[in-house]
Every structure is written in C-alpha cells, then in structure tokens.
Amino acid sequence: MDVKTAFLNGDLEEEIYMDQPEGYVVQGQEKKVCRLVKSLYGLKQAPKQWHKKFDSTLLSKGFAINEYDKCVYTKGNSDSFVMICLYVDDMLITGSSPRVILETKNMLKQCFDMKDMGIADVILGIKISKTSDGLVLSQSHYIEDVLRKFKMLDSSPITSPMDTNQKVCKDNVGENVDPTLYRSMIGSILYLTASRPYIMFSVCFCARFQACPKMSHLNVVKHIIRYVAGTCELGIWYSKDTNPNLIGFSDSDWAGDVDDRKSTSGGCFYLDNNLISWYSRKQNCVSLSTAESEYVAVGSYRSQLIWLRHMLDDYGFTSHILILYCDNLSAINISKNPVQHSRTKHIDIRHHLLRDLVEKQLVQIEHVDTLYQLADIFTKALDHERFSSLKKSLGLCNI
C-alpha cells in the first residue's frame, strides 16, 4: 500500500506561518503571510505529525504498536492476525488469511487516500521473489542502476570483493579524487548490503576513507562494484517453515586496521537457518589482546540478541536460551567468570553486562571452530575458497 501525499495528513499542533509561494502572491497584499492548516512537505514537523496521525488512527482501530519497533503494528491472535510494517508512506501488510488482509486494506482506505500496489514484489528497491517453500530477497535491478550510474556496465566481473594481499590504509601521498563521487559510490553500494551481507566488511572498510579519499581507495571501491556486477542474480533465501531458534556468530579481527590498530567486530544472527541480521564495524577502543577484542565483539552484540528475543516474544514465539558462538575460548571463559580480576578490569564496564546475561542464563556462549565461524566474512578479507564457502552459509541462492 502507498499513501498519497502522506505528510498532508498530519495535524499541526501549533500556529505556523509562511510567505506567499512564488507565483501565487496576491497583488496588493504582498506583505501578508499564509497560515498553514496542513502539514506541508518540507516542514520539519511534517514527518513527526504524519507518524503521530498514523499511530492514533491504528490505535483507535484496535492495533497495538510494537514496543521494540515503533513502525510495526499488530492486531489479533494466531487465528486472525494482521501486521502492518510502515516506512514513511509505504507499507507492507501481512496476516493469517487473505480475508483479514483485505479487511485491513479497506479500513486504511477509509482513513487515508491510498493506492493498493497489489501483492508485494518490489519494496524500497528490494525485489521479493516467492517460491513454493519460501521467498528470495534480491536487488538485481538496483545493481544495474548502480553500474549505469558509475559507467561500469561493461566492467569485467571478479571473484571476490577485496584482495587479501592488499593492505588498504590512509594514503597521504596518493592522488586525490572527487570526494562527492567517492561518497556517492559508497552510499550506493552500502544499500546493497541489505541483500548482500558478504560485501558488508569491504564496503564499511572503504567508508572509513570518505573524509579524504585517494585513487587507491577509489580502485578498491571499483573492485567491489566489479564483484557485485558478477553476482546480479544472487539473493537471500528465507524458508517458509522456520523454528524460533535464535543463534548468533561473533568474531573479531584483532588490530586489523593498519592506521590506528583498532579491531573490527563482525557478527550475524540466524532464526533457525535464516539469516536475519548482520554487522561489521570498527571497535571504539584499541584492544590489547585477541581475547579482549573478541570479548568486546561478543559484548557489543548482546543488546541485539536481547532485542531480537523481545521481538520474537512480541510476535508470540516461544524463544529458548539465546546461543552465541565465538571461536575464542579466552573470551568465553571471561564471560563465565564471576570474578572481575586484574586482567579484565581494563575492559570497558559496559561489556561486562554480557557476564550478567550469562549468569541469568539468558545468553549461552559456545565455542565454535574457526573453520565454522560464519562471522569471519564480516571482519576481514578472505581468499576465494574461504569466501565462497562462507557465502553459501549465509543462505544465498540464484534467483
């Protein structure tokens, strides 16, 4: 569903005046101003007022706002359940039966001027392909637009997004490139990580040099785009039959940044066998050991695990103990040790919250062999064989 002129539905809570629009000035009354009665586009209050209007309307119709995601609305029980996911003026509606979905659409049309887009096949540039046992999310059309935008339609594809032998760092003597072009390329391929998690590390690593990009950095970005060009038909597959078993993988590349020696944390989360969330980011502090960097990485994802658990509870799924896999035994032992001895006092206190979750048996941290550490792909550049093996484990398939 698409809301027409969504922001005009917002109710203003204060008196706001504007100059007469250019071309619509009343002769003889040039000094007068207009008092707004609608929340116009361009008004800074417009998005907030539209969202408030939508909230109040659905609440009056018996919907409940998700406590952990304020853009998700639910109503009913397992026998007659409907969910609305809102993104500005676009929304996805799903439910337990076609009848409840149709009733919801008719209700929304009575409240707002809306257009029914039919069965969801493309939303926010992401294509939804349905199969008999699930669905596939892909961005093939968006990739073509990116290649066309940066004049790389004829570029030859390559087998990995980043060369393992190339150490990318600040280049103080390299040739300067247009920062606007560089940032535009980063922004364009960053959106591709919505359906291509395997390029997350490469894109986020290149994003660190947006302040002063050099030709060496631009070549790495073009390298990523050339890889993406050869994977247009790939997408993430989600199974129709899914158990509410939530597991995560956490990894860290100790002192991987050549410039400041900060580590890179990476992680991914699965609902049964379906990949639902992934991360790759540089840590805020410099870790003094591999165990510390791994422990900080594990601690950074505790909040995400708890949030995902609450989301499942809100949808009526019975979630069991959360399992987080880590390939560093020292980090696991620190999380299970109730005594904060001198060797761990230097680690930031906020990461020790993980220890409390382990003691309360809300989170269980298990060891996984490095060979089966799926989060490896989010922390470092890998060789083609290792990269291809982990990419398959993320649930990628050819559409």
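Preceding this paragraph is the structure being described.
The structure displayed is predicted, hence computed values, not measured ones. Residue positions are given per chain, counted from 1 along the sequence in the order it is written. Only residues with pLDDT of at least 70 get local features here, since the model is predicted, and only at 80 or more are side-chain atom pairs given and counted; chain-wide, interface and lining totals rely on the full set of residues. Side-chain figures throughout are based on the complete set of non-hydrogen atoms in the structure, without hydrogens or water.

Trainee: Before we go on, may I ask you to explain the overall build of the chain in this structure?
Mentor: Put simply, DSSP marks the helices as runs of H or I at least four residues long and the strands as runs of E at least two long, and each gets a number from the N terminus on. Across its full length, the chain carries eleven helices and 18 strands. Looking at the 399 residues of the chain, the share that counts as buried comes to 43%. In this description, contact between two residues means that some pair of their heavy atoms is separated by no more than 4.5 Å. Considering only residue pairs separated by 6 or more positions, the chain has 67% of its internal contacts joining residues 24 or more positions apart. Surface accessibility follows the Shrake-Rupley procedure with a 1.4 Å probe radius. Residue values consider only the protein chains on display as shielding. Working note: accessible area of the chain is about 21,200 Å², and carbon and sulfur atoms make up 52% of it. Once the 46 positive and 47 negative side-chain charges of the chain are each reduced to a mean point, those two points are 3 Å apart. For the exposure calls, accessible area comes from a 1.4 Å probe over protein chains only, and a residue counts as buried if that area is under 20% of its type's maximum, exposed if over 50%, partly exposed in between. None of His or the chain ends enter the tally, which takes Lys and Arg as positive and Asp and Glu as negative. Where a charge lies is defined by one atom per residue type, namely NZ (Lys), CZ (Arg), CG (Asp) and CD (Glu).

Trainee: I keep staring at the pairing of strand 5 (residues 72-76) and nothing clicks. Help me out?
Mentor: Two faces make up the sheet, and in a regular strand the side chains alternate between them. Whether two strands pair depends on DSSP finding at least two bridges between them. Two strands pair when backbone bridges link them, and strand 4 (residues 64-65) and strand 5 are joined in this way by two bridges, in the antiparallel orientation. Within the sheet, the bridge partner assigned to Ala-64 lies in strand 5 and is Thr-74. The hairpin turn running from strand 4 into strand 5, its antiparallel successor, is six residues long.

Trainee: Looking at this model, I keep getting lost on the pattern of salt bridges. Mind explaining?
Mentor: A side chain of one charge can pair with a side chain of the opposite charge when the charged atoms of the two come close. When a carboxyl oxygen of Asp or Glu lies within 4 Å of a side-chain nitrogen of Lys or Arg, that pair is called a salt bridge. Applying the stated criterion to the full structure yields twelve salt bridges. A salt bridge links Lys-380 to Asp-251; its shortest N-O distance comes to 3.4 Å. Here Lys-380, found in the loop between strand 17 (363-367) and helix 11 (384-393), pairs with Asp-251, found in strand 13 (residues 246-253); they are 129 residues apart in sequence, far enough to count as distant. With a shortest N-O distance of 3.4 Å, Asp-257 and Lys-282 are connected by a salt bridge. On the criterion of sequence distance, the pair formed by Asp-257 in the loop between strand 13 and strand 14 (264-271) and Lys-282 in strand 15 (residues 274-282) is long-range, its members being 25 residues apart.

Trainee: Would you mind going over empty space enclosed by the protein with me for this structure?
Mentor: A water-sized probe rolled over the atoms picks out the places where empty space is left. With a 1 Å grid spanning the protein atoms alone, the term cavity applies to any set of points in which a 1.4 Å probe fits but cannot get out, the term pocket to an open set with protein on both sides within 12 Å along at least five of seven lines, and the term lining residue to any residue with an atom within 4 Å of a point. Grid points are joined across faces, edges and corners, and a volume is the space filled by probe spheres set on the points. Evaluation of the coordinates by the stated rule reveals one cavity of 30 Å³ or more. If you go around the largest cavity, the residues you meet are Ser-160, Pro-161, Met-162, Tyr-198, Phe-201, Ser-202, Ile-377, Lys-380, Ala-381, Leu-382 and Phe-387. Of the residues assigned to the lining of the largest cavity, the class counts are eight nonpolar, two polar and one charged. Note that Gly is not counted as nonpolar here; it falls among the polar residues with everything else outside the nonpolar set of Ala, Val, Leu, Ile, Met, Phe, Trp, Tyr, Cys and Pro and the charged set of Asp, Glu, Lys and Arg.

Trainee: What is the right way to read helix 1 (residues 46-60) from this model?
Mentor: Residues spaced three or four apart along an α-helix face the same direction, because each turn holds 3.6 residues. Multiplying 1.5 Å by the helix residue count minus one yields the expected span of that helix. In this model helix 1 runs 21 Å from its N-terminal to its C-terminal C-alpha over 15 residues, within 8% of the 21 Å that 1.5 Å per residue would give. By the burial criterion, the buried members of helix 1 are Ala-46, Gln-49, Trp-50, Phe-54, Asp-55, Thr-57 and Leu-58. In the core, the buried residues of helix 1 are packed alongside strand 1 (2-3), strand 4, strand 5, strand 6 (81-87), strand 7 (90-95) and helix 2 (98-111). The positive-phi residue at the C-terminal boundary of helix 1 is Gly-62, with phi of around 95 degrees.

Trainee: Any chance you could explain the pairing of strand 7 here in plain terms?
Mentor: Two strands pair when backbone bridges link them, and strand 6 and strand 7 are joined in this way by six bridges, in the antiparallel orientation. Residue pairing for strand 7: Tyr-87 is matched across the bridge by Asp-90. Linking strand 6 back to strand 7 in an antiparallel pair, the connection comprises two residues, with Val-88 at a positive phi of about 60 degrees.

Trainee: Where do I start with the packing of aromatic side chains in this structure?
Mentor: Any two aromatic rings considered together are summarised by their centre-to-centre distance and by the angle between their planes. Here is the rule: rings of Phe, Tyr and Trp (six-membered ring for Trp) pair when centre to centre is within 6.5 Å. Planes less than 30 degrees apart are stacked, more than 60 are edge-to-face, and the remainder are tilted. Throughout the structure, instances matching the rule amount to 14 aromatic pairs. Ring geometry for Tyr-227 versus Phe-387: centroids 5.7 Å apart, planes at 80 degrees, classification edge-to-face. One end of the pair, Tyr-227, is in helix 6 (residues 215-229); the other, Phe-387, is in helix 11, with 160 residues separating them in the sequence. Taken as a pair, Tyr-227 and Phe-387 share a single burial class, namely buried. Ring geometry for Phe-249 versus Tyr-270: centroids 6.0 Å apart, planes at 80 degrees, classification edge-to-face. Of this pair, Phe-249 sits in strand 13 while Tyr-270 is found in strand 14, placing the two residues 21 residues apart along the sequence. Here Phe-249 and Tyr-270 have matching classes, each one buried. One aromatic cluster is present, built from ring pairs that chain together Trp-50, Phe-54, Tyr-73 and Phe-112. Ring-over charges, as used throughout, are those where CZ of Arg or NZ of Lys falls within 6 Å of the ring centre and within 35 degrees of the ring normal. Over the aromatic face of Tyr-198 sits the side chain of Lys-391, whose NZ or CZ is 5.3 Å from the ring centroid.

Trainee: Would you take a moment to explain the layout of surface pockets for this structure?
Mentor: As a volume, the second largest pocket reaches approximately 270 Å³. Along its surface, the second largest pocket is lined by 16 residues, and Lys-167, Phe-201, Asp-253, Gly-256 and Ala-381 are the ones closest to its centre.

Trainee: What is the right way to look at the sheet that holds strand 15 in this model?
Mentor: Backbone hydrogen bonds are what pair the strands of a sheet, in a parallel or an antiparallel way. Spatial ordering of the open sheet is given by 15-14-13-16-17, a layout of five strands whose pairing is mixed. For this open sheet the edge positions go to strand 15 and strand 17, each flanked by a neighbour on one side alone. Shown here is a sheet whose adjacent strand axes are inclined to one another by a mean of 20 degrees, direction ignored. Relative to strand 17, strand 16 (residues 322-326) is paired through five bridges, and the arrangement is parallel. Of the residues in strand 17, the one forming a bridge with Ile-323 is Gln-364. To obtain each axis, a line is fitted to C-alpha atoms, and for helices this fit is confined to the stretch in contact; angles are then taken between N-to-C directions over 0 to 180 degrees. Helix-sheet contacts for helix 7 (residues 290-300) involve strand 13, strand 14, strand 16 and strand 17, and the interaxial angle to strand 13 is about 145 degrees. Sitting on the sheet, helix 9 (residues 329-336) is in contact with strand 16 and strand 17, with an inclination near 150 degrees to strand 17.

Trainee: What am I meant to see in unusual backbone geometry here?
Mentor: Phi angles above zero are rare outside glycine, and Thr-5 is one such case at about 45 degrees. Locating Thr-5 in the fold gives a position in the loop between strand 1 and strand 2 (17-19).

Trainee: Is there a simple way to think about the side chain of Arg-386 in this case?
Mentor: Relative to the helices and strands, Arg-386 is located in helix 11. Any pair of N or O atoms that falls within 3.5 Å is considered a polar contact. Within protein, one atom must be able to donate a hydrogen and the other to accept it, and sequence-neighbouring residues count only if both atoms are side-chain atoms. At 2.9 Å, the side chain of Arg-386 and the backbone oxygen of Thr-370 are in polar contact. Apart from the residues lying within four places of it in its own chain, the contact partners of Arg-386 are Thr-370, Leu-371, Gln-373 and Asp-376.

Trainee: Explanation requested: helix 2 in the structure shown.
Mentor: Counted at 1.5 Å a residue, the expected span for helix 2 with its 14 residues is 20 Å, and the 20 Å between its end C-alpha atoms agrees. On the buried face of helix 2, the contacting elements are helix 1, strand 6, strand 7 and strand 8 (114-115).

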